[in-house]
Amino acid sequence: MTQAHSAVKSILYLNGVTKTFDGFKAINNLCLDIRPGELRAIIGPNGAGKTTMMDIITGKTKPDVGEVVFRDSIDLTQHDEADIANLGIGRKFQKPTVIESLSVWENLELALAGKRNVFQTLFFRLTQAQAHRVDEILALIGLPARRDDLARNLSHGQKQWLEIGMLIIQAPQLLLVDEPAAGMTDYETMETAKLLKNISKDHSVVVVEHDMEFIRALDSRVTVLHEGSVLAEGRLDVVQKDQRVIDVYLGR
Amino acid sequence: MRDTSVLQRLLLQDKPGKILLGCLCGLVVLVPIFNLLVPADSFFHVPTYVVTLLGKYLCFAILALALDLIWGYCGILSLGQGAFFALGGYAMGMYLMRQIGDRGVYGNANLPDFMVFLNWQELPWYWTGFDHFGFAVLMAVLVPGVLAFVFGWLAFRSRVTGVYLSIITQALTYALMLAFFRNDMGFGGNNGLTDFKEILGCDLQSSTTRVVLFVVTVITLALSYFLCKYITISKLGRVLVSIRDAESRTRFMGYRVEHYKLLVFVISAVLAGIAGALYVPQIGIINPSEFNPLNSIEIVIWVAIGGRGTLYGAVLGALLVNYGKTYFTGGIFAEFWLFILGALFIVTTIYLPRGVVGVADNWLALRRQKRLLLAAAPVEQV
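Quick caveat, the model's predicted, so the values are computed rather than measured. (Residues numbered from 1 in each chain as written. Chains lettered and ligands numbered in written order. Predicted model: local features only at pLDDT ≥ 70, side-chain atom pairs only at ≥ 80, totals over all residues. Heavy atoms only, no water.)

As for the interface of chain B and chain A
- With 29 residues of chain B in contact, the opposing surface of chain A contributes 34 residues.
- Here chain B and chain A share an interface that buries about 2,900 Å² over both sides, 58% of which is from carbon and sulfur atoms.
- On the chain B side of the contact with chain A, K235, R249 and F252 of chain B bury the most area, a combined 28% of that side's loss.
- At the boundary of chain B and chain A, one finds five salt bridges.
- Between chain B and chain A we count 17 residue pairs in polar contact (both at pLDDT 80 or more) in total.
- For the side of chain B that touches chain A, the element with the highest residue contribution is helix α9 (residues 235–245) of chain B, accounting for eight residues.
- Along the lines of polarity and charge, the residues of the side of chain B that touches chain A split into 11 nonpolar, six polar and 12 charged. (Contact = heavy atoms within 4.5 Å. Buried area = accessible area lost by both parts, 1.4 Å probe. Salt bridge = Lys/Arg side-chain N within 4 Å of Asp/Glu carboxyl O. Polar contact = N/O pair within 3.5 Å; in protein donor to acceptor, adjacent residues only side chain to side chain. Helix = DSSP H or I, 4+ residues; strand = E, 2+ residues; numbered from the N terminus. Nonpolar A, V, L, I, M, F, W, Y, C, P; charged D, E, K, R; others polar.)

Here it is as structure tokens:
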């Protein structure tokens, strides 16, 4: 993973990206540069275009204009969701989406990096190493005791962790995490921040979040989005003193 | 547990499957004995019409299995599965038509009766080859399969899901019904294909032929069950469930959802086609009403009542509802059958979301709990 990182200059590069929905500019000339191994927090008021940005990066939405480049050379606008996932971008949704009728273990097994072809899946047999990897991730997300429970029986916070586990086991180079702390208790929020910092040791991570305490705990570079473009960028304490950021968040 | 062989996973760890297989084995052995060997005046004699009726139910069970695979596991609610069944039936019907030869009403060795009646001079090109049983069977598999492939490829690639997909599958079967009603289509118009005489040189009216057809149907049902079971317990089965529960999550995991949907949709259509091909020689007629959208909706009701997403539930549902249909439409309730069916569906949907199978499961779980409590009671007293 680290070798792959050192080879490329930027893991994700957005330049002049614009997306209009019925005349409304959800994303407006957005530029963003994520370095390999970076942990980046993205904040912004409702409607700032955070989720649309995620949709564009993961191929769910095609931008009207602009470049979206992965690992210096891959044009993401030419690929669909499944392709992009296999290229090495994992996405966690705002609402925890795990497969409710499968067990925790099966959820991880499904997300496990590997061939995604229909027939290979039909005749798939888990190797010892793969089973070991699943157990490893199970331990990392703190759910070994729940391995055989159906995912629908997990608490909200545990579902979030399971989903993060599913992301990691997918072995992506870049993780996009949408509001991981939404609806969590204070304790769970801090645990999640710890988990993400841990993950960012060997993945590039982009976190979209509202919760300032959480952002503070992440202790990373922060990008403030507003009306579809970057308003400010820097350390949290610097950004928080920026008059434009204060205006946007508190109103004029 | 995860290193067990395929056969073991298929058979040993599937209790309802074992019961189903046991019942089917019983049918294969007992029905021929009680029909062919026990004298007709004996109390134990199973009349041939019952054999045929059972065979019909089992064809429907295969059809229900096919729907459960796509609906119960992958969330594709097809309201047009009857179309594939009817296409399979027509393929077999065309072969049986050709077997009539010059024994038709008009005695024309080259043309089926309805073509003579329409003043046609020669056999349309698409009837070529249907003199051969193998070709007809191949078509019963290929035609539904290819139609499902093309239709599914277009629908799933454009990400048509949920109720929209249900509506277009409904439109598909309706369109086919209208087409097959037309005399110029060359499939017998609204009369369809009937008056069959022989299959592979055996008289279709004879008890032996009926019993053989029945046995073939039972074996096909067992094989279909194992095919579906194998699919659903493989990792592919879990991908299907994942698509059903959270389709876009599955995409972001890197699975090409449309390929998975397409595969099971085609398998389901092929199974439906085979069921249709087995149905027609036993029933003795195939006409455009088999394409009726209502038939396709009825399949959904069987699966819902039996319990979807279990496979054996679909089989059970098809047998129960069709037995009910035979029972009620024969008596004073005949006029009310559709109301009964509708009421059953509503009650199941609202109160028994997991169908009959779910009720049985709950009851078994309760009993187990009680037994555990009883077992635990003396310990508490100490």
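The rest of the description comes next.
Quick look at the sheet that holds strand β10 (residues 229–235) of chain A
All names here are of chain A.
- Taken together, the six strands give an open sheet; going across it, the order is β6-β7-β8-β3-β9-β10, and neighbouring strands pair in mixed fashion. The open sheet has two free edges, formed respectively by β6 (89–92) and β10, since each of these has just one partner strand. Recorded for the sheet is a direction-independent mean angle of 20° between the axes of neighbouring strands.
- Judged from the four bridges that link them, β6 and strand β7 (residues 174–178) form a sheet pairing that is parallel. Directly across from R91, in β7, lies its bridge partner L176.
- Contacting β6 and β7, helix α7 (residues 156–169) runs over the sheet at an angle of about 170° to β6. (Pairing = 2+ DSSP bridges. Axes fitted to C-alpha atoms, helices over the stretch in contact; angles between N-to-C directions.)

Description of the nonpolar core
- Membership of the largest hydrophobic core comes to 161 residues, with the highest contact counts inside it found for L108 and L162 of chain A together with L193 and F291 of chain B.
- Examining the composition of this core, we find that 17 residues originate from one element, helix α11 (residues 257–283) of chain B, more than from any other.
- Residues L32, A48, L176 and V208 of chain A belong to the second largest nonpolar core, which totals 24 residues. (Core = buried A, V, L, I, M, F, W, Y, C linked by side-chain atoms within 4.5 Å. Buried < 20%, exposed > 50% of the residue type's maximum accessible area, 1.4 Å probe, protein only.)

Here's the deal with the sheet that holds strand β4 (residues 65–70) of chain A
- Here we have four strands laid out as an open sheet, ordered β2-β1-β4-β5 (chain A), and antiparallel in their pairing. The open sheet is flanked by β2 (24–34) and β5 (74–75) of chain A, the only strands paired with a single partner.

Re the side chain of Q173 of chain A
Residue and element names in this part refer to chain A.
- Relative to the helices and strands, Q173 resides in the loop between α7 and β7.
- Judged by its relative accessible area of 15%, Q173 falls in the buried class.
- One polar contact links Q173 to R71, side chain to side chain, over a distance of 2.6 Å.

Keep in mind these values describe shape, not function.
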